Amino acid sequence: MRRLDVLVLGAGAAGMMCAIEAGRRGRKVLIADHARAPGEKIRISGGGRCNFTNLHTAPDNFISGNPHFCKSALGRFTQHDFIALIESHGIAYHEKTLGQLFCDGASRQVIDMLTGEMRAAGVDLALATEFESVEPARDGFTIRLSSGTYTASSLVVATGGKSIPKMGATGLGYRIADQFGVPVSDTRPALVPLTFDEALRTRLKPLAGVSADAVVGCNGISFAEALLFTHRGISGPSILQVSSYWREGDEITLSLLPRTDLFEQLRQARTANGRQSVHNALSAHLPKRLAHILCDNAGVEGKIADRTDRDLKRLAQAVQDWRIKPTGSEGYRTAEVTLGGVDTTALHSRTMEAKAVPGLYFIGEVVDVTGWLGGYNFQWAWSSGWAAGQAV
Ligand code: FDA
């Protein structure tokens, strides 16, 4: 039996950050993962360039049963602290849009930075290592891994959520929480494309591959970003964002050309060239296939000169207030994150330690704190990992 101060389960973003901080404090740390490489989600993130944080990170960008829970960790290790770490390693980066920071090169650089920092902090990394069991021990926990049995004063669960099982997501963290009586709130896929029923899918089939800027709303929140029609439903950043707020049975509203006075534009088109068709006039503003469907939705077609102001108003409304009812989502197979998780009421927000189980910590995506699309989820991983790293 080997004695450790800290055993971190899961060598993803949160686990590695925690291990670095604990190692720097002189703790004897082992970080174990069943994958063959650390940080696999970092590697594939941001299209291979890792959107590692967001300049505008604030508690409002997170969804949780307790919206205040994330404040402490986000405030103690901020996006600027992570940016300073990136800069100290000479990693070049850029802001793509809306404060989203990406590597100029590859995500690999972030993984190399973290593994380098772990080495420097004296952390042991055990890959291709299966978790077998954990039991409470006299001063901590006895943990059986495929590589051997360990005792540790602190066990940090950083095993992520359920998204992308193909990449190693297992839900182990929720099972460990259950075992120790730590409550877990319902989980569901988030930041995920939404799907249509057969009838809507058939009707919107011609739109597959069409994208447009839009304001997409659901349940009182809206996001102004691109959307993309797919063969099975609808995707794109604005849809991924609202998917975290959408529930079965809810409508979403799509406002295309949100900043245009479309009624006025259509009236002007009628004056300038009354012989053109309504959908040609609308095609000046939107992809042709989309214009066709929207004219059809509004029942406003034919020569624009023949259309009344009322017709054009109806068309403008069909474009700027299009209501669609998705029936499902693409699920964990493609979801970027898991909504819900280890209940924050059961954790200390400063340290991530379970209130009822001293020495047991939960960090990163396994916790019921879910960020918007745009680098927020990694920032939560860094901040919560850092916070636990100071306490273990
Ligand atoms: P993470 O999932 O990273 O790590 C958990 C680790 O635990 C894994 O290494 C896993 O192998 C290990 N593990 C799981 N079960 C285990 C078991 N039974 N035994 C041993 N080990 C086990 N976010 C963002 O901010 N910017 C971005 O650009 C992106 N892009 C992105 C793209 C795609 C395709 C996905 C799927 C997700 C993103 N995300 C993102 C979200 C981001 O990847 C996610 O929020 C963080 O990786 C969460 O970090 P964690 O360390 O909590 O879990």
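Residues numbered from 1 in each chain as written. Predicted model: local features only at pLDDT ≥ 70, side-chain atom pairs only at ≥ 80, totals over all residues. Heavy atoms only, no water.

- In the annotation of an unreviewed UniProt entry, the entry for the protein reads NAD(P)/FAD-dependent oxidoreductase, and the organism field reads Hoeflea poritis.
- Per UniProt, the protein has the following entry under Cofactor (unreviewed entry): "FAD". (UniProt positions renumbered as here; feature names shortened; annotations may be inferred.)

### Focus on the domain arrangement of the protein
Moving on, step 1. Here the protein is partitioned into domain 1 (2-188 + 339-389) and domain 2 (194-329).
Moving on, step 2. The centre of domain 1, based on its C-alpha atoms, is set 40 Å off from the matching centre of domain 2.
Moving on, step 3. Counting residues at the interface gives seven residues for domain 1, matched by 11 residues for domain 2.
Moving on, step 4. When domain 1 packs against domain 2, the two sides together hide about 770 Å² of surface, and 56% of this comes from carbon and sulfur.
Moving on, step 5. Contact with domain 2 buries surface across domain 1, with R188, W372 and L373 losing the most and accounting together for 64% of the total.
Moving on, step 6. For the pair domain 1 and domain 2, the number of links is four residue pairs in polar contact (both at pLDDT 80 or more).
Moving on, step 7. In terms of residue class, the side of domain 1 that touches domain 2 is built from five nonpolar, one polar and one charged. (Domains from an automatic or database assignment. Contact = heavy atoms within 4.5 Å. Buried area = accessible area lost by both parts, 1.4 Å probe. Polar contact = N/O pair within 3.5 Å; in protein donor to acceptor, adjacent residues only side chain to side chain. Nonpolar A, V, L, I, M, F, W, Y, C, P; charged D, E, K, R; others polar.)

### Observations concerning the site of the ligand
Moving on, step 1. Around the ligand there are 30 residues in total, and D33, N51, T170, E365 and F378 lie nearest to it.
Moving on, step 2. In this structure, an oxygen atom belonging to the ligand sits 2.8 Å away from a main-chain N or O atom of F378.
Moving on, step 3. Protein contact buries 92% of the 990 Å² of open area that the ligand shows by itself.
Moving on, step 4. When contributions to the shell around the ligand are tallied by element, the ones reaching two or more residues are α1 (13-24), α2 (40-44) and α13 (376-391). (Near = heavy atom within 4 Å. Areas by Shrake-Rupley, 256 points an atom, 1.4 Å probe, with all protein chains shown as cover. Helix = DSSP H or I, 4+ residues; strand = E, 2+ residues; numbered from the N terminus.)

### Concerning the sheet that holds strand β3 (residues 51-54)
Moving on, step 1. If you trace the three strands from one edge of the open sheet to the other, you get β3-β6-β5, paired in antiparallel fashion. Looking along the sheet, the strands with just one partner apiece sit at the ends: β3 and β5 (93-95). Across the sheet, the mean angle separating the axes of adjacent strands is 30 degrees when strand polarity is ignored.
Moving on, step 2. Bridge count for β3 against strand β6 (residues 100-103) is three bridges, and the pairing is antiparallel. If you follow N54 over to β6, its bridge partner there is Q100. (Pairing = 2+ DSSP bridges. Axes fitted to C-alpha atoms, helices over the stretch in contact; angles between N-to-C directions.)

### Section: helix α12 (residues 309-320)
Moving on, step 1. Under the 1.5 Å per step criterion, the end-to-end length of α12 is 16 Å for 12 residues, consistent within 8% with the ideal 16 Å.
Moving on, step 2. D311, L312, L315, A316, A318 and V319 are the residues of α12 that are buried. One side of α12 holds all its buried residues, which, seen down the axis, span an arc of 160 degrees. Facing away from the buried surface of α12 by more than 90 degrees, the exposed residues are R310 and K313.
Moving on, step 3. Elements that come into contact with the buried residues of α12 comprise β16 (252-256), α9 (262-272), α10 (278-283), α11 (288-298) and β17 (322-324). (Expected span 1.5 Å × (residues − 1). Buried < 20%, exposed > 50% of the residue type's maximum accessible area, 1.4 Å probe, protein only. Arc of directions from axis to C-beta.)

### Topic: α1
Moving on, step 1. With 12 residues, α1 should cover 16 Å at 1.5 Å per step; its first-to-last C-alpha distance of 17 Å lies within 8% of that length.
Moving on, step 2. When you tally the buried positions in α1, you get 11 out of 12 residues, the bulk of the element.
Moving on, step 3. Every buried residue belonging to α1 is among A13, A14, G15, M16, M17, C18, A19, I20, E21, A22 and G23, and all of these are buried.
Moving on, step 4. Looking one or two residues past α1, G26 carries a phi angle of roughly 85 degrees, positive in sign.

### Notes on the UniProt feature "domain: RsdA/BaiN/AoA(So)-like Rossmann fold-like" (unreviewed entry) in the protein
Moving on, step 1. Following the UniProt record, the feature "domain: RsdA/BaiN/AoA(So)-like Rossmann fold-like" (unreviewed entry) maps to residues 5-390 here.
Moving on, step 2. The span residues 5-390 is 32% helical and 25% strand by assignment, and the distance between its end C-alpha atoms comes to 13 Å.

### Describing the UniProt feature "domain: RsdA/BaiN/AoA(So)-like insert" (unreviewed entry) in the protein
Moving on, step 1. The UniProt entry lists residues 188-337 under the feature "domain: RsdA/BaiN/AoA(So)-like insert" (unreviewed entry), expressed in the numbering used here.
Moving on, step 2. Split by type, residues 188-337 is 35% helix and 24% strand. Its first and last C-alpha atoms lie 9 Å apart.

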